[in-house]
Amino acid sequence: ESGLGGGQTHVLDLSRGLAARGRWLPEIGATGGGPLEQAARDASLPFHALPFDGAGAFGLIADIRARIRDGKYDLVHTHGGIAGFWGRLAALRTGVKLVHTLHGIHYLHYESRGRRMAYRMLDGLFASFTDRIICVCQSDLENAVQFGIIQASKGCAVLNGIDVEQVERTFARVAISRPTLRAQLNILPNEIAVVTVARYHRQKGLPILLDAFRRAL
């Protein structure tokens, strides 16, 4: 996708880190025209605008397969459901190593049992020809194995890293002191302040946080 959510930021950080090591020459392929493309170009990372939508997806498969067969890539690493579907189809039987990262297994929470089963079967099928499956936390790995989505021998958990220097640079530009901010938010000196930063989405568990606040009060 072309936005800059957690998954896209992870791809950028991973690509920057690999490029800095010198051994790898990472390239990013995603829907073009958004902040992800601009961020990749700002980082001097090759970016390929790919049609991950509608009828153009079949042309996308042919394009990726042609690039792989021309000897351009040694490894294809897909992220998320949409890229994982089309990207792994394109890489099938090309001889290239195939890695997929599950950025959460959201369909396990779907109300429809049929949809849950369908997605589990589809992910399990694709995992059968994927060399390595990465989960972003240990609980996702355990769920993936428990529900038959991946084989334990193929899976591993790799926590998302944080570019500490970038975070420090970002906060260095915030010219406001902690006492001033608390005063602006009407937080008394003896009061405890808690903040969470997340998308307003079910998978973030915000109702659990609200219930915890209720219990604490």
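Predicted model only: the values in this text are computed from it and were never measured.

A.B. asks: Sorry, what's going on with the overall build of the protein here?
C.D. replies: When you go through the protein residue by residue, the secondary structure sums to nine helices and six strands. Projected onto its principal axes, the C-alpha coordinates of the protein cover approximately 65 × 45 × 35 Å. Each of the 217 residues in the protein was classed as buried or not, and the buried ones make up 29%. Considering only intrachain contacts with a sequence separation of at least 6, the fraction spanning at least 24 residues in the protein is 49%. Put simply, the protein shows about 14500 Å² of open surface, and 57% of that area lies on carbon and sulfur atoms. A gap of 5 Å separates the mean positions of the 26 positive and 19 negative side-chain charges of the protein.

A.B. asks: It is not clear to me how the state of the cysteines should be interpreted in this structure. Could you clarify?
C.D. replies: Should the sulfur atoms of two cysteines be covalently bonded, the bond is a disulfide. Counting across every chain of the model gives zero disulfides. Cys 137 supplies the cysteine sulfur nearest to Cys 135, a cysteine that is in no disulfide, at a spacing of 7.2 Å. Accessibility expressed as a relative area gives 24% for Cys 137, which makes it partly exposed.

A.B. asks: Just to check I follow, could you spell out the environment of His 100 for this structure?
C.D. replies: With respect to the secondary-structure elements, His 100 resides in strand β4 (residues 97-102). By relative accessible area, which is 2% here, His 100 ends up buried. As a C-alpha pair, His 100 and Val 11 span 89 residues in sequence and 12 Å in three-dimensional space. Sequence-distant contacts of His 100, defined by excluding residues within four places in its chain, comprise His 77, Thr 78, His 79, Gly 80, Gly 84, Arg 88, Thr 130, Arg 132, Ile 133 and Ile 134. Looking at His 100, its side chain comes within polar contact range of the side chain of Thr 78, at 2.7 Å.

A.B. asks: So what exactly am I meant to see when it comes to the packing of aromatic side chains here?
C.D. replies: Summed over all chains, the structure comprises five aromatic pairs. Arranged with centres 5.4 Å apart and planes meeting at 20 degrees, the rings of Tyr 107 and Tyr 119 form a pair that is stacked. With Tyr 107 in the loop between β4 and α5 (113-127) and Tyr 119 in helix α5, this pair connects stretches of sequence that are twelve residues apart. A centroid spacing of 5.3 Å and a plane angle of 45 degrees characterise the contact between Phe 126 and Phe 129, whose relative ring orientation is tilted. With a relative accessible area of 5%, Phe 126 lands in the buried category. Clustering of aromatic rings is evident, with ring pairs tying together Phe 85, Trp 86, Phe 126 and Phe 129. The positively charged end of Arg 115 is found above the aromatic ring belonging to Tyr 110, 4.3 Å away from the centroid.

A.B. asks: Would you mind showing me how to read a nonpolar patch on the surface here?
C.D. replies: A grouping of Ile 162, Val 164, Val 167, Phe 171, Val 174, Ile 176, Leu 181 and Leu 185 is seen on the molecular surface, where their side chains present a nonpolar patch of about 730 Å² in accessible area. The element contributing the most residues to the nonpolar patch is helix α7 (residues 164-172), with three residues.

A.B. asks: How do you make sense of the nonpolar core when you look at a structure like this?
C.D. replies: Nonpolar side chains in soluble globular proteins tend to be buried together. Counting residues in hydrophobic clusters, the biggest one holds twelve residues: Leu 50, Phe 52, Leu 60, Ile 61, Ile 64, Ile 68, Val 76, Trp 86, Ala 90, Ala 91, Val 96 and Leu 98. The element contributing the most residues to this core is helix α3 (residues 56-69), with four residues. Leu 50 has contacts with Gly 29, Ala 30, Thr 31, Leu 60, Asp 63 and Ile 64, leaving out every residue within four places of it along the chain. Residues Leu 102, Ile 105, Leu 108 and Ile 133 belong to the second largest nonpolar core, which totals eleven residues.

The rules behind the values
- Residues numbered from 1 in each chain as written.
- Predicted model: local features only at pLDDT ≥ 70, side-chain atom pairs only at ≥ 80, totals over all residues.
- Heavy atoms only, no water.
- Helix = DSSP H or I, 4+ residues; strand = E, 2+ residues; numbered from the N terminus.
- Buried < 20%, exposed > 50% of the residue type's maximum accessible area, 1.4 Å probe, protein only.
- Contact = heavy atoms within 4.5 Å.
- Areas by Shrake-Rupley, 256 points an atom, 1.4 Å probe, with all protein chains shown as cover.
- Lys, Arg positive; Asp, Glu negative; His and termini not counted.
- Charge placed at Lys NZ, Arg CZ, Asp CG, Glu CD.
- Disulfide = S-S within 2.5 Å.
- Polar contact = N/O pair within 3.5 Å; in protein donor to acceptor, adjacent residues only side chain to side chain.
- Phe/Tyr/Trp six-rings, centres within 6.5 Å; stacked < 30°, edge-to-face > 60°.
- Lys NZ or Arg CZ within 6 Å of the ring centre and 35° of its normal.
- Patch = residues over 30% accessible without salt bridge, like charges linked within 9 Å, V, L, I, M, F, W, Y side chains within 5 Å.
- Salt bridge = Lys/Arg side-chain N within 4 Å of Asp/Glu carboxyl O.
- Core = buried A, V, L, I, M, F, W, Y, C linked by side-chain atoms within 4.5 Å.

By themselves these figures say nothing about function.
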